[in-house]
Structure formats: structure tokens, C-alpha cells
Amino acid sequence: MTDVTITVNGSVRSASVPPETTLLKLLRDYFQLTGTKLGCDVGDCGACTVIVDGMAVNACLMLAAQADGRQVLTIEGLATKDRLHPLQKVFEESGALQCGFCGPGMLLSAKALLDDNPDPSSHDIRDALAGNLCRCTGYSKVVEAVQDAARIMRKPQTEEARQLEMHGQRHGR
Amino acid sequence: MKSFGYVAARDSRHAIALLAEHGATAKILAGGTDLLVELKDTQRPPGVVVDISRAQDLKGISLTEVGLRIGALATHGEIMRSAVIRDLCPALVEAAHSIGAVQTRNLGTIGGNLMTCVPSMDSGPALIALEAQVTVAGPDGQRRMPLSDLFVGPRRTSLVGGELLVEIVIPKPNLGKPAAFQKFGLRKGQALALVNVAASLWLDRDRTAFVAPRIALGAVAPTVIRAPRAEAFLDGRAVTPEAMDEAGRIAATEAKPISDFRASADYRRDLIAVLVKRTLATAYERATATSKERVS
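One structure accompanies this document, and this report is about it. (Residues numbered from 1 in each chain as written. Chains lettered and ligands numbered in written order. Predicted model: local features only at pLDDT ≥ 70, side-chain atom pairs only at ≥ 80, totals over all residues. Heavy atoms only, no water.)

1. With respect to the packing of helix α2 (residues 86-94) of chain A against helix α3 (residues 103-116) of chain A
Residue and element names in this part refer to chain A.
Step number 1: Interhelical geometry of α2 versus α3 gives an angle of 130° and a closest axis separation of 10 Å. The orientation of α2 relative to α3 falls into the category oblique. Between α2 and α3 the crossing geometry is right-handed. Across the interface between the two elements, Leu87, Gln88 and Phe91 of α2 pack against Met106, Leu107, Ala110, Lys111 and Leu114 of α3.
Step number 2: A per-class count over the contact of α2 with α3 returns 6 nonpolar, 1 polar and 1 charged. (Axes fitted to C-alpha atoms, helices over the stretch in contact; angles between N-to-C directions. Helix = DSSP H or I, 4+ residues; strand = E, 2+ residues; numbered from the N terminus. Parallel < 35°, antiparallel > 145°, perpendicular 65-115°, else oblique. Left-handed = near helix turned anticlockwise from the far one by under 90°. Contact = heavy atoms within 4.5 Å. Nonpolar A, V, L, I, M, F, W, Y, C, P; charged D, E, K, R; others polar.)

This is the structure we're talking about:
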């Protein structure tokens, strides 16, 4: 068994796991953080995308032991208690997700992109999301949603809240 | 996954000691993007996985007195973001960008990509076109060799048991040598290369003729190969679109592509001719752009 301690969504969590345990299995089966999805399990579909030390990675391709001592952000840590992350709000309101299975990975890939590049072109967005497969939407609404969220997030905080409100009204919420 | 033993190496010395201790039952884990897929699939897992991903001395990208040093554990993402590589070796950025997707590029390492030794690897051609060297460490110390000597056959390198790839070095004389990389896959993202090509070149004093052109081809032979006859044809010849065309045609005859479910051998030969021409043209554009900057 290998002892692993990681900081997930700001909380320090530990577990003793067999060495062959992936970070994905650690999150889902040991920490009950099932928002991170198991899709292809070989790094192609991106459903298991999480952010480790600021970088989007496939949790299925990392051993839990390799994440020991590191900071992990999963979909459960994206919203605060009071409100959704602007990406989540825009995705929800504009119907950028349909079945939603790819959503947690899509959102975290998009967050990693916007953290690094607050004003991405549609090409930048497609490049950043190339590792996240969606079988429902055809991607157009996803790309538009990331652009909308980026625009809103570039505004100062009060303005950001106002824009989110307007975005909600436009989409009939 | 079937169960296996696990031990993390503190640094390259510790890794070599662990490899010596566990012998043939050990498998090295770096970025894991290939190894984990393999371990999930196998019925015969290794006795112990030696995790080198925390070995600081195998990381980093820096200029040294011998050239540009890229630690074996540098990820494709780090290579893409490296200011010094973007400035001096943009072909390496193009190659790194063509691999997988963001998530796999943040995990996968250049050393791991080379050590898989698959013919379609995207890290190989640009490094070969820039005549990269590699440093290998083992129980008896370190040795340096041309990267081309690392490649023996599909999934076979020249490393012997207990050895570890430490770093890749672009020799100082080749830093800033105009070069380009292009890959043709069935999609833009997450696709293996049907063919990938890199070319590098200098220009003569009048900036009208090729000097020391290097052409490397991937996915069209048992390993990444050079195209020496196409190189010899160009060396000293005036830079013209026709010369680049002809170099592409010659290079296509130097490869030994196979037909498989991704593409036929004939299609791959056609792609070589096109990609050689394009990479030469891009490298030439870079050569002339650099000269303008130097004049102004």
C-alpha cells in the first residue's frame, strides 16, 4: 500500500491505496468525489480532466502516488458556496452541455485555459478543448460559452455580476 | 490494473540504483501517458514500477556551455511554453504542440516520447533535424551519443538494462538554425502521424543557396530516419521552389513506409514529398526573417 496525501479543493485528504490506484480512482472511490468521470480510461476522452498544480491533466493517466503532496482541483471545487463559477453559469444557461457527462472535464479544461489566457480566440479554445470529447453538442455552443464566460470574467467584479444577470435573462432564466 | 510494486526515485542516481536492484522486473514511469495505458492492458505487469517523475535533476530546460539542455522529464507543455525554445528552436514547439492534447502534453515527457521508440513519435524528427545528442546514465556512469543512435527499431532503443535517459542536448552550433516541423494526421487533435517531417537549413553568405540542410522523416520507416540523398541534393544548391520539390521527391524514395489501417504506403510517400517541400519552405522563410532582423 502507498500513503497518499493531496489537497483537494482546498482540503487536505489522505488515503492508503494499492500502488496501481490512479488519481481518478482515488478521487472517485476513496474521496467520493464522483464529479470527475471515468470515460475511456486511456487519456483520449478527457472526462476525467482535473487541474493539478494549475495544469489540466487526465486523472486516469496519473498514479495516485504521483499526486502525493500536490494541489488538485476537481469540478466539486469550481463553484463557491454562494455561486457558480462564471463558466458553469454560462454553460448551464446557454445549453452548452446536453447529457453533461463531458461537462466536468470540459469546464476544468476551460478554466485552465482562462487562468492562463483571459482573452482566447476561438482557435485557442478549440486547441485547449481538443482533449475533451463531447458526443452531444457538436462543440459550437461549448466554444461560444467559453468565449462568453471569458468576456464576463474580464470585467471588474460588480460588472461581472451584472453581465451574468443579463446573460441569464437573455437565456430566459 | 493488475497489481505491481511501486517505488519513487529521489533523483537519477537513486533511480539507477533502484533499476540495478530490481533488474529486468522494473519498469520506468515518467509522465505515464504511455505506460499507464500499457499497464491497464497487460496480464503480466512489471514487478516494480520505478517512478522517476519527482527526480529534479531530470527536469528543466536551460542553456549550457554545450547547447540547449532539455531534461528528459520536460513535458511537451513545458517545451511549448519555454521562452528559450520558442526563440531558438521553434520547430520543437511545433512538434510538442502536435502531440496528443493539453492534458496529455502536461503529463507526457520528451524523454518518455523518445524512449517509446515508436516510428510515429512526434518528438523525434525535429530533434534529429537539429542533430540532437542524448545523455544516458547507468551504473558505470554517463555517456553521450547522437539521438539517432538511440533508435534501433520499433519500440527498441540502444539502451541496455539499468540505463536511464537523462537529457537531450541541441548542440550550440545548431541553436537558432532555421527549422520547421509538420505532421499530417487524420485529425488536427489527438491523432497519430501518418507522416511527420522536420527540416533544418542554413543559407550561404549570399543567402541564395542551401548549406547543411537536414531532413528527418517519421512514421515511414522502422525508426525516425534522415533523408541523406535529399540532403546531399540540396547542399550548395540555389534555393528555388523546384529544388525543394525535387528534394521532396528524392526523400520519398528514401523511406520504407508500410500500409496499415491508417494509410497506404503510396499515400505516405506522397505525403513525404509534400511535407518535405513545406518544411523546407517554412525553414527558408524563417532563415530570411532572421536575417532581416539582424540587419535592422
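What follows picks up the thread again.
2. With respect to the layout of surface pockets
Step number 1: Counted as a void, the second largest pocket has a volume near 570 Å³.
Step number 2: Considering the residues around the second largest pocket, the lining is formed by 22 residues, among which Leu113(A), Asp116(A), Met80(B), Arg81(B) and Val102(B) are closest to the centre.
Step number 3: Where the lining of the second largest pocket is concerned, the elements lending two or more residues are β4 (55-58), α3 and α4 (122-128) of chain A together with α3 (76-81), α5 (90-97) and α6 (102-107) of chain B.
Step number 4: Looking at the lining of the second largest pocket, its residues break down into 8 nonpolar, 8 polar and 6 charged. (1 Å grid on protein atoms, 1.4 Å probe; cavity = no way out; pocket = protein on both sides within 12 Å on 5 of 7 lines; lining within 4 Å. Points joined across faces, edges and corners; volume = space filled by probe spheres on them.)

3. Comments concerning the pairing of strand β2 (residues 11-17) of chain A
All names here are of chain A.
Step number 1: Alignment of strand β1 (residues 2-8) against β2, held across 7 bridges, turns out to be antiparallel. If you follow Val8 over to β2, its bridge partner there is Ser11.
Step number 2: Between the end of β1 and the start of β2, which pair antiparallel, lie 2 residues, with Asn9 showing a positive phi angle near 50°. (Pairing = 2+ DSSP bridges.)

4. Digging into the interface of chain A and chain B
Step number 1: Facing the 28 residues of chain A at the interface are 26 residues of chain B.
Step number 2: At the boundary of chain A with chain B, total buried surface from both sides reaches about 2,200 Å², with 57% on carbon and sulfur atoms.
Step number 3: Taken as a group, Glu20(A), Leu61(A) and Gln66(A) account for 29% of the area that chain A buries against chain B, more than any other trio of residues on that side.
Step number 4: Where chain A meets chain B, there are 2 salt bridges.
Step number 5: One salt bridge connects Asp41(A) with Lys40(B), and the closest N-O pair in it is separated by 2.7 Å.
Step number 6: The interface formed by chain A and chain B contains 14 residue pairs in polar contact (both at pLDDT 80 or more).
Step number 7: Where the side of chain A that touches chain B is concerned, the elements lending two or more residues are β4 and α4 of chain A.
Step number 8: Of the residues forming the side of chain A that touches chain B, the biggest block, 4 residues, is contributed by β4(A). (Buried area = accessible area lost by both parts, 1.4 Å probe. Salt bridge = Lys/Arg side-chain N within 4 Å of Asp/Glu carboxyl O. Polar contact = N/O pair within 3.5 Å; in protein donor to acceptor, adjacent residues only side chain to side chain.)

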